[in-house]
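# Observations on chain architecture
Here's the letter readout for the chains.
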Amino acid sequence: MIQIREPGQRRLSRPVMLGPVQIGGGAPVSIQSMNNTRTADVAATLAQLRALQDVGCEIGRLAVADEEDAQALPAILRVSPLPLVADIHFDYRLALAAIQAGISGLRLNPGNIGDKTRVVQVAKAALSAGIPIRVGVNGGSLAKDLLAKYGSVTAEALVESAGRQIEMLEDAGFYRIKISLKASRLPVMLDAYRQMAACCDYPLHIGVTEAGLPGLGSLKSAIGIGTLLAEGIGDTLRVSLTGDPVAEVRLAQDILRLLELRPGGVQIISCPTCGRTKIEVAALAQAVQREVAGLKPGKPLTIAIMGCAVNGPGEAREADLGIAGGQNGGLLFAKGEVIGRYSEEALLPELLSRIRALVEEY
Ligand code: SF4
């Protein structure tokens, strides 16, 4: 069932710490990603972690697929720029090795980690180490009996799968739990998270699994993650795109900024253009986009580029800087005031110089 919250109100979850990062309990929604390097390749893994940190990733995750990966962890953890989660499938002994190496968190897949005694052993070790465990359900690896019971990957099957492992952890006295219920179909994923959000207060790691390539995959991720965040659901997120994980973190930043859950960044508002358009809106917007790419003002900066006097002055006034097209040029607005009328040739250089000045000020 969907919980109706006031706009901007987030589901209250219990906090867990992942290294220095608080997840849940009202903390800002954190961004995580997962390396696609072989963990045993320490140099490549560290280089990618640094690249992820550079674009704003806050938590890294590494596949620990075999003994060689587990043996590489101490060298990685010694200098990792990010707190790290070990992603474990099939072999609970790798989880124990990761804890021993000093990992900040674990992700276990209830569909393939094995029986209760193994989960309890891992829980006890994680409890002693003071680290959280994510119960990471994935539609692609649901237990066979659940697939048989529900007929396919359904929200109920994902929730029941998570519930089984949560129960095992709680029975072992372990409550530093995070939950994810990822599916590649948006309606299933949304429904599963809504159901889980309504029945427990554990923090939720949200994401659309196997979303695909940047492009449609970005759109899919933004719809799924954005819908949940807009409903107040989600404490940490990972965008899953095929390719360089740096793109995942960039998209995650954009999602959080556009929902105003994270300050900073530049937002360009430009009209779709129509028969009334008086200026080259697309060319102006592209030039502004090139100018602001990579800029990180300390406060959100909104720039409006509007083609005519219908909605132009209104949007331009609301923005930090804005243009409203008119006959042979347009009006330039700053902080709600008209600061001049410029010819079409003069509009762009004037706008760009004012953007630079504002970014400096912010
Ligand atoms: Fe058309 Fe003016 Fe609206 Fe742009 S702002 S879409 S030019 S009516």
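Our subject in this report is the structure included herewith. (Residues numbered from 1 in each chain as written. Predicted model: local features only at pLDDT ≥ 70, side-chain atom pairs only at ≥ 80, totals over all residues. Heavy atoms only, no water.)

## Thoughts on the overall build of the protein chain
Counting its secondary structure elements, the protein chain contains 12 helices and 15 strands. Projected onto its principal axes, the C-alpha positions of the protein chain cover 75 × 45 × 30 Å. Taking all 362 residues of the protein chain together, 52% fall into the buried category. Sequence-distant contacts, at least 24 apart, represent 63% of the contacts inside the protein chain between residues at least 6 apart. Accessible area of the protein chain: about 16000 Å², with a carbon and sulfur share of 53%. For the protein chain, the distance from the average site of its 37 positive side-chain charges to the average site of its 37 negative ones is 2 Å. (Helix = DSSP H or I, 4+ residues; strand = E, 2+ residues; numbered from the N terminus. Buried < 20%, exposed > 50% of the residue type's maximum accessible area, 1.4 Å probe, protein only. Contact = heavy atoms within 4.5 Å. Areas by Shrake-Rupley, 256 points an atom, 1.4 Å probe, with all protein chains shown as cover. Lys, Arg positive; Asp, Glu negative; His and termini not counted. Charge placed at Lys NZ, Arg CZ, Asp CG, Glu CD.)

## Things to note about the layout of surface pockets
Considering only enclosed or pocket space, the largest pocket measures out at about 810 Å³ in volume. Lining the largest pocket we find 26 residues, and of these Asp254, Arg257, Gly265, Val266 and Leu295 sit closest to its centre. Of all elements in the fold, only helix 9 (245-258), strand 11 (266-270), helix 10 (281-292) and strand 12 (301-306) reach the threshold of two or more residues within the lining of the largest pocket. Ranked by the residues each element gives to the lining of the largest pocket, the list is headed by helix 9, at 5 residues. For the lining of the largest pocket, the per-class residue count stands at 11 nonpolar, 8 polar and 7 charged. Of the residues that make up the lining of the largest pocket, three or more belong to each of domain 1 (16-258) and domain 2 (266-361). As a volume, the second largest pocket reaches approximately 310 Å³. Considering the residues around the second largest pocket, the lining is formed by 21 residues, among which Asn138, Thr209, Glu210, Arg238 and Ser240 are closest to the centre. (1 Å grid on protein atoms, 1.4 Å probe; cavity = no way out; pocket = protein on both sides within 12 Å on 5 of 7 lines; lining within 4 Å. Points joined across faces, edges and corners; volume = space filled by probe spheres on them. Nonpolar A, V, L, I, M, F, W, Y, C, P; charged D, E, K, R; others polar. Domains from an automatic or database assignment.)

## Some thoughts on helix 3 (residues 92-101)
Residues Tyr92, Leu94, Ala95, Ala98 and Ile99 constitute the buried set of helix 3. Down the axis of helix 3, the buried side of the element spans an arc of 150 degrees, and every buried residue falls inside it. In helix 3, the exposed positions angled more than 90 degrees off the buried face are occupied by Arg93 and Gln100. Its buried side turned inward, helix 3 meets helix 2 (67-79), strand 5 (84-88), strand 6 (105-108) and helix 4 (116-129). At the exit of helix 3 stands Gly102, carrying a positive phi of roughly 100 degrees. (Arc of directions from axis to C-beta.)

## Some points on the sheet that holds strand 3 (residues 30-34)
Strand order in the open sheet formed by 8 strands is 8-7-6-5-4-3-10-9, with parallel pairing between adjacent strands. Each having just a single partner strand, strand 8 (177-182) and strand 9 (205-206) make up the two edges of the open sheet. Here 3 bridges tie strand 6 to strand 7 (residues 133-138), and the two strands are oriented parallel to one another. Within strand 7, the position partnered with Arg107 by the bridge is Arg134. The strands that helix 9 touches are strand 3 and strand 10 (236-238); relative to strand 3, the one it contacts most, it runs at about 160 degrees. (Pairing = 2+ DSSP bridges. Axes fitted to C-alpha atoms, helices over the stretch in contact; angles between N-to-C directions.)

## A few points about the side chain of Thr236
Of note, Thr236 is situated in strand 10. Beyond its immediate sequence surroundings of up to four residues, Thr236 is in contact with Ile23, Val29, Ser30, Gln32, Ile59, Leu204, His205 and Ile206.

## Remarks on the pairing of strand 14 (residues 329-334)
Burial within strand 14 is extensive, with 5 of its 6 residues counted as buried. Relative to strand 14, strand 13 (residues 321-326) runs antiparallel, the two sharing 6 bridges. Among the inter-strand pairings, Ala324 is bridged to a residue of strand 14, identified as Leu331. Taken together, strand 13 and the strand that follows it, strand 14, pair antiparallel across an intervening segment of 2 residues, in which Asn328 is found at a positive phi of about 60 degrees. Relative to strand 15 (residues 337-342), strand 14 is paired through 5 bridges, and the arrangement is antiparallel. When the bridges of strand 15 are listed, Leu331 appears paired with Arg341.

## Let's talk about the environment of Glu318
With respect to the element layout, Glu318 can be found in helix 11 (residues 312-318). As a C-alpha pair, Glu318 and Ile303 span 15 residues in sequence and 9.1 Å in three-dimensional space.

## Some remarks on the sheet that holds strand 11
Reading across the sheet, the 5 strands line up as 11-12-13-14-15 and stay open at both edges, with mixed pairing between neighbours. Of all strands in the sheet, those bounded by a partner on one side alone are strand 11 and strand 15. The mean angle between the axes of side-by-side strands here comes to 15 degrees, regardless of whether they run parallel or antiparallel.

## Points about the pattern of salt bridges
Scanning the entire structure with this criterion turns up 19 salt bridges. A salt bridge links Asp69 to Arg38; the shortest N-O distance between them is 3.5 Å. With a gap of 31 residues between them, Asp69 in helix 2 and Arg38 in the loop between strand 3 and helix 1 (42-54) connect regions that are remote in the sequence. Two residues, Asp87 and Arg61, come together in a salt bridge whose shortest N-O distance is 2.6 Å. One end of the pair, Asp87, is in strand 5; the other, Arg61, is in strand 4 (residues 59-63), and 26 residues separate them in sequence. Each member of the pair, Asp87 together with Arg61, is buried. Beyond isolated ion pairs, a larger network of salt bridges with shared partners links Arg38, Asp66, Glu68 and Asp69. (Salt bridge = Lys/Arg side-chain N within 4 Å of Asp/Glu carboxyl O.)

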